[in-house]
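Residue strings, one per chain:
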Amino acid sequence: MPDGFRAPTVPAGETPFIKKRNYQHVFDRMAFTGVAKVPRVYKNNRVAKDKKGNVLFDKKSYTETLPKMSWVRKNKLTIDSHPCDWFEAMLNVRRKDKETTCTLEDLLEWTNLRALKENAGLGRKYKEWQPFTLDGLMKHIGLYLFQGLSPSPQVEMKFFSSLEDPVNGNDFIHKSFGGMTGVLQRRHRHFKSCFTSVDPTIPVPDRNTHPNWKVHPFLKHILDISQKAVFMGRDLSCDEQTIGFQGHHKDKQRITYKKEGDGFLADTICGDGYTYAFFFRHQQVTSKMQDGLKCSPLHVRVSALCSQLPDKHYTLGMDNLYMSTKLARLCYSIKQKVMIHGVTCPSLRGIPPIVKQEEVKRKSDLEKVRHMVKAAVLKSNEVCTNLVALSVYDTKPVYFLSNACEGIKWMKKTKKVYDPKKKKQLSYHSTDYKLLTFTIEIWVMLI
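Residues numbered from 1 in each chain as written. Predicted model: local features only at pLDDT ≥ 70, side-chain atom pairs only at ≥ 80, totals over all residues. Heavy atoms only, no water.

Peer 1: I tried to follow the overall build of the chain on my own but got confused; where do I start?
Peer 2: Tallying secondary structure elements over the chain gives eleven helices and 15 strands in all. Counting all 447 residues of the chain, 41% fall into the buried class. Partitioning the intrachain contacts of the chain with sequence separation of at least 6 by distance along the chain shows that 61% fall at a separation of at least 24. Roughly 27200 Å² of accessible area belongs to the chain as shown, and the carbon and sulfur atoms make up 55% of that amount. (Helix = DSSP H or I, 4+ residues; strand = E, 2+ residues; numbered from the N terminus. Buried < 20%, exposed > 50% of the residue type's maximum accessible area, 1.4 Å probe, protein only. Contact = heavy atoms within 4.5 Å. Areas by Shrake-Rupley, 256 points an atom, 1.4 Å probe, with all protein chains shown as cover.)

Peer 1: How do you make sense of the pattern of salt bridges when you look at a structure like this?
Peer 2: Opposite charge on two side chains makes pairing possible when the charged atoms of those side chains draw close. Taken as a whole and assessed by the stated rule, the structure comprises 15 salt bridges. Sharing partners across several salt bridges, the network here consists of Glu-240, Asp-267, Arg-281 and Arg-301. (Salt bridge = Lys/Arg side-chain N within 4 Å of Asp/Glu carboxyl O.)

Peer 1: Explanation requested: the environment of Ser-81 in the structure shown.
Peer 2: Residue placement: Ser-81 occurs in the loop between helix H1 (69–74) and helix H2 (83–90). Ignoring anything within four residues of it in the chain, the contact list for Ser-81 reads Lys-76 and Trp-86. Within polar-contact distance, the side chain of Ser-81 engages the backbone nitrogen of Thr-78 at 2.7 Å. (Polar contact = N/O pair within 3.5 Å; in protein donor to acceptor, adjacent residues only side chain to side chain.)

Peer 1: What should I look at first to understand the nonpolar core in this one?
Peer 2: Note that soluble globular proteins tend to have their nonpolar side chains buried in a common cluster. The biggest cluster of nonpolar side chains holds 47 residues, and the ones touching the most others in it are Val-302, Cys-306, Leu-316, Met-318, Leu-327 and Ile-340. Broken down by element, the residue count for this core peaks at five residues, all from helix H9 (residues 297–306). If near-sequence neighbours (up to four positions away) are discounted, Met-318 is found in contact with Cys-238, Val-302, Met-323, Leu-327, Ile-340, His-341, Gly-342 and Val-343. Among the nonpolar cores identified, the runner-up in size contains 17 residues, and Leu-104, Leu-107, Trp-110 and Trp-129 belong to it. (Core = buried A, V, L, I, M, F, W, Y, C linked by side-chain atoms within 4.5 Å.)

Peer 1: Where do I start with the packing of aromatic side chains in this structure?
Peer 2: With the rule as written, the count across this model stands at ten aromatic pairs. Geometrically, the ring pair formed by Phe-245 and Phe-264 is tilted, given 4.9 Å between the ring centres and 40° between the ring planes. Taken together, the positions of Phe-245 in the loop between strand S5 (235–244) and strand S6 (263–271) and Phe-264 in strand S6 put the pair 19 residues apart, joining distant regions of the chain. What makes Phe-264 buried here is its relative accessible area of 18%. The ring of Trp-129 has Arg-187 sitting right over it, with the charged end atom 5.3 Å from the ring centre. Cation over ring: Arg-187 sits above Phe-132, and NZ or CZ is 3.9 Å from the ring centre. (Phe/Tyr/Trp six-rings, centres within 6.5 Å; stacked < 30°, edge-to-face > 60°. Lys NZ or Arg CZ within 6 Å of the ring centre and 35° of its normal.)

Peer 1: For this particular structure, what's the right way to read the side chain of Ser-193?
Peer 2: For Ser-193, the position within the fold is in helix H6 (residues 181–194). With residues up to four places along the chain from it excluded, the contact list for Ser-193 reads Arg-114, Lys-125 and Tyr-126.

Peer 1: I'm lost on the environment of Pro-153 in this one. Help?
Peer 2: Relative to the helices and strands, Pro-153 resides in the loop between helix H4 (134–149) and helix H5 (171–176). In the structure, Pro-153 is positioned 15 residues away from Asn-168 in sequence and 8.4 Å away in space, judged by C-alpha atoms.

Peer 1: I would appreciate a short explanation of helix H7 (residues 216–228) in the present structure.
Peer 2: Since the α-helix advances by 3.6 residues per turn, residues separated by three or four positions end up pointing in the same direction. Here H7 contains 13 residues, and its C-alpha end-to-end distance of 18 Å stays within 8% of the 18 Å for a straight helix at 1.5 Å per residue. Along H7, the residues that are buried comprise Pro-217, Leu-219, His-221, Ile-225, Ser-226 and Gln-227. Each element contacted by the buried residues of H7 is listed here: H1, H2, helix H3 (104–117), strand S4 (230–231) and strand S7 (274–280). (Expected span 1.5 Å × (residues − 1).)

Peer 1: Can you walk me through a nonpolar patch on the surface in this structure?
Peer 2: Together, Val-41, Val-47 and Val-55 make up an exposed nonpolar region whose accessible area comes to about 200 Å². If you trace the backbone, Val-55 turns up in the loop between strand S1 (36–39) and strand S2 (57–60). (Patch = residues over 30% accessible without salt bridge, like charges linked within 9 Å, V, L, I, M, F, W, Y side chains within 5 Å.)

Peer 1: What is the right way to look at the packing of H4 against H6 in this model?
Peer 2: Two packed helices can be described by the angle between their axes and the distance between those axes. Close contact between H4 and H6 brings their axes to 11 Å; oriented N to C, the two are set at 90°. Between H4 and H6, the interaxial angle falls into the category roughly perpendicular. For the pair H4 and H6, the contacting residues are Leu-137, His-140, Ile-141, Leu-143 and Tyr-144 in the first and Arg-187, His-188, Phe-191 and Lys-192 in the second. Class assignment of the residues belonging to the contact of H4 with H6 gives a composition of five nonpolar, two polar and two charged. (Axes fitted to C-alpha atoms, helices over the stretch in contact; angles between N-to-C directions. Parallel < 35°, antiparallel > 145°, perpendicular 65-115°, else oblique. Nonpolar A, V, L, I, M, F, W, Y, C, P; charged D, E, K, R; others polar.)

In structure tokens form, the structure reads like this:
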């Protein structure tokens, strides 16, 4: 490491007592079975094409998330396709096959039917009510998409022209909806009052068993189409996502440990920023999902998400909220044989005593134990063998669990920094201690 550089958690001037050593211990992991169609690329980075100009594809195992070519061809999408074409592929205007559960025409029909049931335009409310057209419905939906990209305190403020409201007004929206601000705002009230994404003729079930009934067809469609559209590579992550909003709701969860704010929480599986599957936390875990599993609802939800993956031997990264040896055995026991890894809490998660380190308070003692590494491997377990438990002392002990790692070693991480004197970015190497190697202890115990 160059002089003057150090890890961000190491104080300046500290001399390390413990030397970093590597051991060539390799774990034999099962190979990922997923195969994707990827463009054939020559050594000069040119894409291979046939005599007719069509791109040639090769089938190979891939670690990253890619568009599924069969879905792309079915929806006639190309690199030059307009964003509206991609939106229509995800949410069809009209029903193309029996598998489609929700389209824009369905939303239009359900919205006008709900207004009819509530006697809109017949003297009960909204005397000037007129049924929505497909074009009008798409405009109001597009308005909310624009509100998400450029938020205003109230979405109705977008109807003003830039002369009426220079801050929140929008001339394009003002003209697209007709140019009369008062009429536009009144019409938008009709939309907010009557819009629905579920058939109003179906009896509403119990809220405790179907908390998302009002958006159930839409969520079901998004979950289905998001899985058909992409090929998920080997390396995935499982984490929580938040749909934040203001106001009160029975299922709104209080979030004080993040800046995102309160909202609906969902456990998700993602890859390269793409959400593949989700499960809301306010949904009940069914008896079919439980299926004799003696574990928490959180682990049942993770198991249900992993069971939706199409191939075998994925590696799934998690944080300390999820990680435990019990979950590692559970994920590897299902059909997909998912291997997990991540930071783990030291207590009640299956970390063996042999790798635990006592936290020190004095600075002199901290210098002596910094970079201390302990590791253990679970052996003689039929369900999940070679499960690695590891601890490294940084400013305090940090614990890891993994049945996906192929080795444990020190690595160098390259990071670009800006030099204000030379006015350019420079590269230097710093030590990354996410994967470390010291003596490997044999860990034989029943979990």
